[in-house]
Amino acid sequence: MKSGEIIKEKERLMANQNYCIELCDKMFNITQFEIIKILEDLVEFSRKNKLDFAHPWFLYKMGCCFYRCSDIEKSIDLLEESYVIFEDNNDTRGMLNTSVALISVYSCCFNFEKAVEISLRTMDFATEIKDYEALSVLKADIVGMYIDMEDYEQAIYISQELESMSYVGSMSNDFIINLNRAICERHNENTVEAQKYLERAEVLLNEKNNALRYMLLQEKANLMKLRGMYHEAAIVYEEAANLAERYGFTLDQAEVLLDWMDMDIRRRRYESAGNKAEEIISLIGNNKNCKLKRKLYFQMSTVFKALGNSQKALFYLEKYMEKDKKISEALKSPNMKELELKRATDKAQIYMTLCIQKDQLYDSLGRIMSSLNEEGIFAVIAQEIQNICNPDIIQIVSYDESDSNYEYKISFEKGKNMKVENLSVESNTFSGYCIRNDREIFINNMENEYSRYISNFDDYIENVSKLQTGSDAESSEHIPQSAIFVPVRFRGKVRGVISVQSFSKDAFTPEDLSFLKVIAEYSGIALNNASNYKKLENSANYDFLTSLMTRSSILKTGKEIYDEVNNNRSSDGLFILMIDIDDFKKVNDNYGHTVGDIVIKKVADIISYSVRSNDKAGRYGGEEFIVLMNDARRQVAIEVAQRIRSNIKNNSQTTIRPGIEINVTVSVGISGTILREKTIDQLIEEADIALYKAKSEGKDKVAEFINEHE
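Please read these numbers as outputs of a predicted model, since none were measured by experiment.

Moving on: the overall build of the protein chain. In terms of helices and strands, the protein chain carries 28 helices and 14 strands. The buried share of the protein chain, reckoned over its 710 residues, is 53%. Partitioning the contacts of the protein chain with sequence separation of at least 6, the portion at a separation of at least 24 is 65%.

Given below as structure tokens:
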């Protein structure tokens with residue numbers, strides 16, 4: 001972010017202080033020192049211009065940066081200062097963000113009592129105000145705290161909870177959740193699971209959080225080390241350390257070097273390990289990061305023991321044990337027990353709610369899965385959602401990755417139809433975000449939370465209003481305050497989005513999100529089943545080569561038309577054309593069946609565009625075709641038959657190879673009835689007789705079955 005850009009950002013900030021949150025999010029992929037310099041300017045600017053809402057956000061962001069730069073004391077001071085201002089401003093989101101950051105900082109200092117105290121307070125607060133994203137980030141931070149204490153069993157327990165429950169967070173938070181799980185599985189020497197979670201984490205890296213890639217590389221190297229792939233691990237460690245240094249993540253650079261140093265010790269490369277220890281000491285200095293120091297002391301004790309320096313080995317072992325004692329005390333503390341009890345209670349309450357909904361959910365899934373019609377599936381989904389979530393707005397969109405737009409299949413507001421035009425998947429909309437990122441959206445306070453997903457809410461509202469079209473469409477006068485958007489997936493690809501919205505704040509719960517995720521999952525399967533059924537139905541009704549109706553389908557249609565003619569006395573009548581390609585056997589004999597198929601397809605295409613729009617054409621068998629003409633007169637039937645014959649004669653040229661072309665003709669037989677004295681089978685038989693007559697008269701002819709009684 002350059003000085004010219006800062007001036008523009010300040011102008012925008014003066015117009016709207018809420019922009020400060022988005023502005024903080026924009027500071028990525030530059031060094032922490034550059035970010036701190038920008039933030040120092042913004043802190044002074046916001047103080048000078050009395051931007052009371054924005055000011056603590058810049059302090060909070062700066063506190064986070066100082067933590068990554070290894071200045072723990074400065075980080076704590078800034079975070080504590082920002083928390084007090086957030087509290088005075090009653091800025092709940094700021095209070096939650098700062099609390100989560102403080103948990104990480106106090107945890108790395110091994111002030112677990114303070115970290116747990118904040119965790120308990122924040123968990124209650126986030127639950128009370130229903131900020132489930134903050135709750136997700138908080139639980140991810142608690143996982144990190146248990147990893148710092150090397151209690152991997154508890155860390156996995158909470159990670160599993162985060163996976164199974166529908167807590168919604170940013171992609172960066174999801175990245176941390178999966179990375180932490182990989183770390184736990186590695187420590188348990190479960191390399192297959194560790195690899196799985198690493199792969200999940202890697203998918204979640206994007207432009208905005210790419211600076212976190214060093215963490216992924218570090219854990220990849222750790223896994224390689226466990227597998228004995230030392231050479232490969234060294235290359236990846238070096239890449240991770242360089243990346244952390246590039247972005248100014250001093251503490252993280254030191255942590256990468258510590259893991260690399262551990263590999264040197266395993267390989268008995270003590271001189272190299274000692275060099276890394278010196279570099280680590282220069283990075284962490286005298287700061288309060290007990291997590292890194294504890295690990296460093298243990299490894300230095302191991303190095304000196306191997307080198308025969310028992311005095312220094314004992315010195316560092318004692319320092320290690322001093323730090324380790326803090327972990328043991330923390331695990332036994334009343335606060336830690338209270339934290340574990342609270343988590344268990346919360347989880348039990350969620351499971352109880354889900355059990356109450358279970359029977360209703362099973363009934364809903366049964367109704368969704370029983371439909372084999374796409375429209376029917378959408379209607380059932382909307383009804384089931386209405387019954388359980390009772391939203392003000394229900395929308396279902398479908399998406400085909402071959403198209404740049406998504407299509408609204410259902411859009412209801414309080415039961416009234418909202419006709420909405422298709423939108424680009426790149427549009428500034430929640431559904432667009434959901435499809436592009438394959439992620440759920442959970443909002444219970446639109447004003448505070450929209451910026452996580454779309455850039456400009458005013459433009460979004462204006463665009464949505466413009467897109468409401470149609471004379472029978474209703475226009476919404478309200479703005480949703482709560483919303484859930486869930487991707488509909490099948491085989492790993494997004495096929496659409498289900499969304500519920502409410503005009504009230506705090507309208508939805510994580511249980512609603514869980515319900516919608518299950519509905520979306522089964523909807524993806526149901527829609528795929530409907531698509532397969534449609535294809536199966538299509539293959540049964542339409543010939544795969546010509547796309548005309550199959551023999552069984554055309555005969556069934558003929559019976560239906562015949563019955564309709566009999567019931568409709570004003571109808572002119574039913575005529576049947578039987579069409580056969582002349583001398584087709586010679587085509588197959590001389591040029592092969594592949595050329596024969598090309599000729600049949602070309603003849604079928606010509607028949608399709610030669611008949612009337614309401615006529616039905618089918619492949620009767622082999623090279624023979626049939627056309628059903630309802631509500632037709634004799635002269636019209638003859639004209640259509642002649643048009644088919646003429647068009648095929650003049651347009652059926654097929655190039656076999658350069659310089660060699662073949663052209664075919666057809667013979668056509670006509671039969672029909674107006675007085676309804678014949679069955680459909682008799683009419684087909686008579687058309688066949690007329691066709692034989694056309695053949696016998698020299699081919700490339702139209703012949704009519706003459707009935708003396710008509």
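This is not the end of the story, as more comes after the structure.
Along the polypeptide, Y542 turns up in the loop between α23 (510-541) and α24 (551-567). Classification of Y542 by relative accessible area gives partly exposed; the value is 36%. Residues Y542 and I554, spaced 12 residues apart in sequence, show a C-alpha to C-alpha distance of 9.1 Å. Y542 has contacts with S547, L548, M549 and T550, leaving out every residue within four places of it along the chain.

Take the pattern of salt bridges next. A side chain with one charge can pair with a side chain of the opposite charge if their charged atoms come near. By the definition in use, this model includes 32 salt bridges. Between E150 and R294 there is a salt bridge, and its shortest N-O distance comes to 3.0 Å. Taken together, the positions of E150 in the loop between α8 (132-148) and α9 (152-164) and R294 in helix α16 (residues 290-306) put the pair 144 residues apart, joining distant regions of the chain. In this structure E150 comes out as partly exposed when scored by relative accessible area, which is 43%. On the basis of relative accessible area, R294 is assigned to the buried category, the value being 7%.

This paragraph deals with the packing of helix α10 (residues 171-187) against helix α11 (residues 191-203). Relative to each other, α10 and α11 sit at 165°, their axes nearing to 8 Å. Between α10 and α11, the angle falls in the class roughly antiparallel. As α10 packs across α11, the resulting crossing turns out to be left-handed. Here F175, N178, L179, R181, A182, E185 and R186 of α10 come into contact with α11, specifically with E193, A194, Y197, L198, R200 and A201.

All right, on to the state of the cysteines then. Scanning the model with the defined rule gives zero disulfides in all. The thiol of C65 is unpaired, and the distance to the nearest cysteine sulfur, on C69, comes to 6.5 Å.

Attention now goes to the sheet that holds strand β10 (residues 624-630). The five strands are arranged β9-β10-β8-β13-β14 in an open sheet whose pairing can be described as mixed. Every interior strand has two partners, whereas the edge strands, β9 (616-621) and β14 (702-704), have only one. The mean inter-strand angle of the sheet, taken between neighbouring strand axes irrespective of direction, is 20°. Strand direction decides the pairing type here: β9 and β10, joined by five bridges, are antiparallel. Each bridged residue has a counterpart across the sheet, and for K616 the counterpart in β10 is L628.

Direction of pairing for strand β11 (residues 654-657) relative to strand β12 (residues 660-662): antiparallel, over a ladder of three bridges. Bridging across to β12, R657 finds its partner in I660. The turn joining β11 and β12, which pair antiparallel and follow one another in sequence, is formed by two residues; a positive phi near 90° is taken by G659.

Right, let's get into helix α7 (residues 112-128). For α7, spanning 17 residues, the distance from its first C-alpha to its last is 24 Å, which sits close to the expected 24 Å at 1.5 Å a residue. Every buried residue belonging to α7 is among F112, A115, V116, I118, S119, L120, T122, M123 and A126, and all of these are buried. The first or second residue beyond α7 is K130, which carries a positive phi of 60°.

When you line up the elements, N178 lands in helix α10. According to the relative accessible area criterion, N178 is buried, its value standing at 12%. Dropping the residues within four chain positions of it, N178 is found in contact with Y197, R200, A201 and L204.

Together, F298, L314, L317 and M321 line one region of the surface with nonpolar side chains, adding up to about 370 Å² of accessible area. By residue number, the principal contributor to the nonpolar patch is helix α17 (residues 310-332), which donates three residues. Along the polypeptide, L317 turns up in helix α17.

This part covers helix α6 (residues 92-108). Given 3.6 residues per helical turn, the α-helix brings residues three or four places apart onto the same face. For α6, which comprises 17 residues, the first-to-last C-alpha distance of 25 Å matches the rise-based estimate of 24 Å (1.5 Å per residue) to within 8%. A large share of α6 lies buried, amounting to 14 of its 17 residues. One side-chain oxygen of the residue at the start of α6 lies 3.4 Å from the amide nitrogen of R93, identifying that residue as D91. F110 lies just past α6 and shows a positive phi near 65°.

So, on to the nonpolar core. Residues F58, F175, M261, I385, I498 and L516 are the most contacted members of the largest nonpolar core, which totals 146 residues. With 10 residues, α8 is the largest single contributor of residues to this core. Not counting residues within four places of it along the chain, the set of residues in contact with L516 comprises I385, C389, I484, V486, I498 and V500.

Below, the discussion takes up unusual backbone geometry. Phi is positive for N90, close to 55°, though the residue is something other than glycine. On the accessibility criterion, N90 (60% relative accessible area) is exposed. The phi dihedral of F110 falls on the positive side, at around 65°, and the residue is not glycine. As for its placement among the helices and strands, F110 is situated in the loop between α6 and α7.

What follows concerns the packing of aromatic side chains. One pass over the full model with this rule turns up 14 aromatic pairs. When the ring of W57 is compared with that of F86, the centres are 5.1 Å apart and the planes differ by 70°; the resulting orientation is edge-to-face. In this pair, W57 sits in helix α4 (residues 54-68) while F86 sits in helix α5 (residues 72-89), placing the two residues 29 residues apart along the sequence. Summarising the burial analysis for this pair, W57 and F86 share the class buried. Aromatic side chains F315 and Y316 sit 5.0 Å apart centroid to centroid with 75° between the ring planes, which places their arrangement in the edge-to-face category. By relative accessible area, which is 16% here, Y316 ends up buried. Here the aromatic residues Y297, F304, F315 and Y316 are joined through ring pairs into a cluster of three or more. Across from the ring centre of F249, 4.4 Å away, lies the NZ or CZ of R68, which sits over that ring. One Lys or Arg, K74, reaches over the ring of F66 and ends 5.8 Å from the middle of that ring.

Calculation rules
Residues numbered from 1 in each chain as written. Predicted model: local features only at pLDDT ≥ 70, side-chain atom pairs only at ≥ 80, totals over all residues. Heavy atoms only, no water. Helix = DSSP H or I, 4+ residues; strand = E, 2+ residues; numbered from the N terminus. Buried < 20%, exposed > 50% of the residue type's maximum accessible area, 1.4 Å probe, protein only. Contact = heavy atoms within 4.5 Å. Salt bridge = Lys/Arg side-chain N within 4 Å of Asp/Glu carboxyl O. Axes fitted to C-alpha atoms, helices over the stretch in contact; angles between N-to-C directions. Parallel < 35°, antiparallel > 145°, perpendicular 65-115°, else oblique. Left-handed = near helix turned anticlockwise from the far one by under 90°. Disulfide = S-S within 2.5 Å. Pairing = 2+ DSSP bridges. Expected span 1.5 Å × (residues − 1). Patch = residues over 30% accessible without salt bridge, like charges linked within 9 Å, V, L, I, M, F, W, Y side chains within 5 Å. Areas by Shrake-Rupley, 256 points an atom, 1.4 Å probe, with all protein chains shown as cover. Polar contact = N/O pair within 3.5 Å; in protein donor to acceptor, adjacent residues only side chain to side chain. Core = buried A, V, L, I, M, F, W, Y, C linked by side-chain atoms within 4.5 Å. Phe/Tyr/Trp six-rings, centres within 6.5 Å; stacked < 30°, edge-to-face > 60°. Lys NZ or Arg CZ within 6 Å of the ring centre and 35° of its normal.

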